[in-house]
Amino acid sequence: MSAVEEKIKEIITGIVHCEGKALTPTTTWKDLKADSLDLVQVLVQLEETYGIEISDTDAEKLKSFGDLVAYIEGVVAARAKS
Amino acid sequence: MALPRVVVTGVGAVTAIGLNTSDFWSAMVAGKPGVAPITRFDASAYPSKLAAEIKGFDPLKYMDIKLAERTGPYTQWAIASTVMAMEMAGLDMRKEKSERVGTVIAATGDVHKIGDETDVLKARGPRRIDPLFMNRISAHMAPVQVGKFIGARGPNSSINSACASGSDAIGQAFNHLRLGRADVVLSGGTDTLVSPICVATMGLLGALSRDAESSKEPKPFDKDRNGMVAGEGAGMLVLETLEHARARGAKILCELAGAGWSYDARNDTAPDPEGEALAMKAALEDAGMRPEEIDYVNAHGTGTKLNDASETKALKIVLGGHAYKIPISSNKSMVGHLGAGAGGVEAVASVLTMVNGVIPPTINYATPDPECDLDYVPNTARKAEVTGIMSTSFGMGGQNCAIVFRRFTGA
């Protein structure tokens, strides 16, 4: 698991309290029984952690753990290049 | 048309002197002080350094971690008190029509935290504040979360009329039941006054005791009283129509017989005995009871110079010479002032007084005051068969409410 994956997992687990549930790339919010309040807390925490701003349009596309990891890794990679 | 009668079948409380109903009541009867030096924040620069803080309350005893993280302590205390009250009442929501069960709770919320979050907003911008800020601090979240927790889909309201809120909420719940809008209403109050901004502002207004000796504060009705002490907690009742309680075979603790409201329309901070008396008279009239039928008053009794003298005058206006013959005591001498929670906890204590035949004392009482010349049950609880109790609550600003409990005789 990459450092980004580890960090996102830690954030999600801390907020959603889905300890014991496996987080795979295809795991969705629904699978975790996470609601919209969980989601907004996770996004705010990610913004804080990575110093980014996740637009509402982008946020709507982030349906699974894999989506989230790819998105954050993309942001981190883009920032490394610039 | 006669209105339906309303009874109390369960009570629950979380306070500084007991984290559950039975510990709370034992401490009340023992005259245990809940006041101590403030530990929640550094109060060394504050005019008042005392509070009755809740210590050691574990929300996870009553709810899962997610709900605990999404709610402020005031909501958690309300949920815990509700669970205890429902247990005592033997109220099983699976057997109730959910839309016929209401929730009416007095609350202020953790409004004192608005400043902290505004600091974050100013310093770090709108994307960095706690996204669940409203969930954690809003007054309405107390009845909202209680209603959701137990699955009650009837009337759901939060009441705020300052320190009169708790009794006000119970009175509003009483009317829902009498008007046929619900069969059962969970009602009471929850609040905290133990916050830096609250202790600072009430200290500046001169409302809080400035004495450092925690073991002697507050001193309701005492000549040397010098203010109230901030407290916190919740008290909840299960109220239901007599018909509903009988149909489910519930044990009836007592009857909620009357409620009365009034407003001083005079001064923001100074109480008006005539205004207070209007609420008490209205409550007695509502109950259809004469002054002589009240044999105990659970007083507002904050411990401020003005309140206790004004309340004493108001009691004499309403009860006449009978005021001198009956015991009157202040729960706030032990649990501090719970703000919107006060009326709820005092209603719980009133019901338990009637059920157990013991009147809790006014502790820290040493020196009689000519302006407060009634029987305040000084320092030691008293055994007494009580059949009619009036509980008074007066809010800063002049909102007043009194509620009356009567022994249930079955007739």
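Residues numbered from 1 in each chain as written. Chains lettered and ligands numbered in written order. Predicted model: local features only at pLDDT ≥ 70, side-chain atom pairs only at ≥ 80, totals over all residues.

## Focus on the packing of helix α3 (residues 73-89) of chain B against helix α6 (residues 141-150) of chain B
How two helices sit against one another is set out by the angle between their axes and by the gap between those axes. Residues and elements named next belong to chain B. It is at 9 Å that the axes of α3 and α6 come closest, and there the two elements cross at 40 degrees. Considered as vectors, α3 and α6 are oriented oblique to each other. α6 is crossed by α3, and the crossing has right-handed handedness. Contacts between α3 and α6 involve Tyr74, Thr75, Ala78, Ile79, Thr82 and Met86 from the former and Met141, Ala142, Gln145, Val146, Phe149 and Ile150 from the latter. (Axes fitted to C-alpha atoms, helices over the stretch in contact; angles between N-to-C directions. Helix = DSSP H or I, 4+ residues; strand = E, 2+ residues; numbered from the N terminus. Parallel < 35°, antiparallel > 145°, perpendicular 65-115°, else oblique. Left-handed = near helix turned anticlockwise from the far one by under 90°. Contact = placed C-beta atoms within 7 Å.)

## Remarks on the packing of helix α7 (residues 165-178) of chain B against helix α13 (residues 342-356) of chain B
Residue and element names in this part refer to chain B. At a closest axis distance of 5 Å, the pairing of α7 and α13 adopts a crossing angle of 70 degrees. Compared by their axis directions, α7 and α13 come out roughly perpendicular. Of the residues in α13, those touching α7 at Ser165, Gly166, Ser167, Asp168 and Ile170 are Ala342, Gly343, Gly344, Glu346 and Ala347.

## Considerations on the interface of chain A and chain B
With 8 residues of chain A at the contact, the number on the chain B side is 7 residues. Its residues assigned to classes, the side of chain A that touches chain B comprises 3 nonpolar, 2 polar and 3 charged. (Nonpolar A, V, L, I, M, F, W, Y, C, P; charged D, E, K, R; others polar.)

## A few points about the environment of Met28 of chain B
All names here are of chain B. Here Met28 lies in helix α1 (residues 21-30). Since 30 C-beta atoms lie within 10 Å of it, Met28 is described here as buried. When the C-alpha atoms of Met28 and Pro361 are compared, they prove to be 7.5 Å apart, with 333 residues separating the residues in sequence. Among all residues touching Met28, those that are not within four sequence positions of it are Ile17, Asn331, Met334, Ala349 and Pro360. (Buried ≥ 20, exposed ≤ 12 C-beta atoms within 10 Å, placed from the backbone.)

## Description of the confidence of the model for chain B
Here chain B averages 96 in pLDDT, and 100% of its residues register 70 or above. Across the assembled chains, the prediction reports ipTM 0.88 with pTM 0.96. (pLDDT = per-residue confidence, 0-100.)

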